[in-house]
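Coordinate inspection notes
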Amino acid sequence: MNRNNLAGAPRQERLPSYYSATVNDQSVYPPLQQDIETDVVIIGAGFTGIASAVELAERGYRVVVVESNRVGWGASGRNGGQVTGSLSGDTAMRKQMRATLGKDVDDFIWFMRWHGHDIIRQRVEKYAIDCDLRFGHLHTAMKPVHMDELQQSYAEAQARGMADEISLLDAEGVQTVLATDLYCGGLRNNRNMHLHPLNLCLGEARAAVSLGARIYEQTQVQAIEEGDKPVVVTDRGRIRASHVLLAGDVYHRLAQKQLGGMIFPAMGGIVTTEPLGELAKRLNPENLAVYDCRFVLDYYRMTADGRLLFGGGCNYSGRDSRDIAAELRPAIEATFPQLKGVHIEHQWSCAMGIVVNRIPQLGQLSPNVWYCQGYSGHGVASSHIMGEIMAEAISGQLDKFDVFARCSHVRVPMGDWLGNPMLAAGMWYYRLREALR
């Protein structure tokens, strides 16, 4: 896995995947080859960087985005494409934010659950982004203890006014929407969405450019020179700006003295089958996105052209699997025996930025150098919320930013060398606990 924005690292095109094979926009942006000046320079052209660029450009800022590879090259263009109202660090977030928000913490976290959906939906409509946006999701239970968890989620959603958008299903109810007997129940949510993430990211990049932002791909950042007007030094040019935002998540190695040991790569594998034709409608007639209740879960949905897109098998070693299709085929065939022996046409990996306490990390390295990272597998919606929060903060509105910046984070000594084995041990513990429940 290439995790850097450093000088000398090889520039890469997009990883072969279903998404890169079905991308709507083949346009590319040039590398930076001169010295320029701007209001804000953003390092990283994934969802965090591009969403922040749109927000800032809409506010009238001059924005430059630099990306060492291509727009959407990392997890933003490779993920499962599910937009769900779940937060990986919900419990820790609630505990830490209570000191700042008091009795309003529950309302704030509920807002965080769903605001990303609103941003994405409105942006898709405003900028006419074709990204196969669909509504409908099913959170499935594989054992009775999972149903207890879903009952709690159902009760909270009802109390929060979502009664018309959610329904609790038993085993028979699940079988009316999925042709599988794997689950004993599920929570259906019609506010949740699924989409083609690379086409969304590229569509938002086009929106940012239409508002005056400049994007430079294949541009590697070597250093940040701090000061009243910090300078981002690249391999072939320099950018002077009033503000710098680091938005590379787990893929960059900048500012390691301050940020090293705070975020770690977890590798997930995703595949798509060959087109299934009418079988796709029989397996998932209402075109729902699905994931289960396990700590190390499987997730899947149908693509716009009728393939099963299936992900899972997350590992915390930081290394790619040698054969993702072979690892995921047993889970696919256990879920849908009708697909035994189905041809798998695309397979790829996705590195998720994992934070030990699962709370997104927002902060400042200096008064005008900012960072935002760490969604722990829940990045599609969360990155859009954070893009808005970072744009507000750079504009001087710090209330939401400060709530996150005040959260404390575990910093693991020796970085990935120790952090990834710690995460792997934690995953083993939770899988064992899951098996015993």
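All of the points below concern the structure found in this document.

Scoring rules and cut-offs
Residues numbered from 1 in each chain as written. Predicted model: local features only at pLDDT ≥ 70, side-chain atom pairs only at ≥ 80, totals over all residues. Heavy atoms only, no water. Helix = DSSP H or I, 4+ residues; strand = E, 2+ residues; numbered from the N terminus. Buried < 20%, exposed > 50% of the residue type's maximum accessible area, 1.4 Å probe, protein only. Contact = heavy atoms within 4.5 Å. Pairing = 2+ DSSP bridges. Expected span 1.5 Å × (residues − 1). Core = buried A, V, L, I, M, F, W, Y, C linked by side-chain atoms within 4.5 Å. Arc of directions from axis to C-beta. Salt bridge = Lys/Arg side-chain N within 4 Å of Asp/Glu carboxyl O.

1. Details of the environment of Thr180
Looking at where Thr180 falls in the secondary structure, it is placed in the loop between α6 (171–175) and β6 (185–194). The class of Thr180 is buried, set by a relative accessible area of 5%. As for Thr180 and Phe336, which are separated by 156 residues in sequence, their C-alpha atoms are 5.9 Å apart. Leaving out residues up to four positions away in the same chain, Thr180 has contacts with Gln175, Thr335 and Phe336.

2. Things to note about the pairing of β6
For β6, a buried count of eight out of ten residues is recorded, marking the element as mostly surrounded by other parts of the structure. Strand direction decides the pairing type here: strand β3 (residues 82–83) and β6, joined by two bridges, are antiparallel. Across the sheet, the residue bridging to Val83 is Met193, located in β6. In terms of strand pairing, strand β4 (residues 134–141) meets β6 through seven bridges, oriented antiparallel. If you follow His139 over to β6, its bridge partner there is Leu187. Sheet topology places strand β5 (residues 166–170) next to β6; five bridges connect them, and they run antiparallel. The residue bridging Asp170 from the neighbouring strand is Gly185, located in β6.

3. Section: helix α7 (residues 197–210)
Compared with an ideal rise of 1.5 Å per residue, which puts 14 residues at 20 Å, α7 spans 20 Å between its outermost C-alpha atoms and is within 8% of the ideal. With respect to burial, α7 is a largely interior element, eleven of its 14 residues being buried. Among all positions of α7, only Pro197, Leu198, Asn199, Leu200, Cys201, Leu202, Gly203, Glu204, Ala205, Ala207 and Ala208 are buried. Buried residues in α7 make contact with α1 (18–21), α2 (47–58), α4 (105–126), β7 (214–216), β13 (299–302) and α11 (379–394). One or two residues past the end of α7 sits Gly212, with phi positive at roughly 110 degrees.

4. Some words on the nonpolar core
Grouped together as the largest cluster of nonpolar side chains are 65 residues, with contacts concentrated most on Ile42, Val71 and Phe404. Per element, the largest residue contribution to this core is nine residues, and it comes from α11. Apart from the residues within four sequence positions on either side, Phe404 is in contact with Met93, Met97, Phe108, Met112, Ile359, Pro360, Leu362, Met386 and Ile389. Membership of the second largest hydrophobic core comes to 26 residues, among which are Val271, Leu279, Ala280 and Leu288.

5. A look at helix α3 (residues 90–101)
Every buried residue belonging to α3 is among Asp90, Met93, Arg94 and Met97, and all of these are buried. Buried residues in α3, looked at end-on, bunch into an arc of 95 degrees, giving them a common side. Exposed and facing more than 90 degrees away from the buried side of α3 are Thr91, Lys95 and Ala99. Of the residues trailing α3, Gly102 is marked for its positive phi of about 60 degrees.

6. With respect to the environment of Val23
With respect to the helices, strands and loops of the structure, Val23 is situated in the loop between α1 and β1 (36–43). Between the C-alpha atom of Val23 and that of Leu198, which follows or precedes it by 175 residues, the distance is 7.0 Å. Residues in contact with Val23, not counting those within four places in the same chain, are His196, Leu198, Asn199 and Leu202.

7. Observations concerning unusual backbone geometry
Look at Gln218: it is not a glycine, yet its phi comes out positive at around 50 degrees. The residue Gln218 is located in the loop between β7 and β8 (221–225) in this model. Backbone geometry at Asn287 places phi at a positive 55 degrees, although glycine is not the residue there. Tracing the sequence through the fold places Asn287 in the loop between α9 (278–283) and β12 (289–292). Assessed through its relative accessible area of 25%, Asn287 is described here as partly exposed.

8. Let's talk about the pattern of salt bridges
In total, this model carries 24 salt bridges according to the counting rule given. When the shortest N-O distance is used, the salt bridge between Arg329 and Glu333 registers 3.4 Å. Of this pair, Arg329 and Glu333 both sit in helix α10 (residues 324–335), four residues apart, which is roughly one turn of the helix. Take Arg329: its relative accessible area is 26%, and that puts it in the partly exposed class. Residue Glu333 is classed as buried on the basis of its relative accessible area, which comes to 18%. Here the salt bridges do not stand alone but share partners, grouping Glu55, Arg59, Arg123 and Glu204 into one network.

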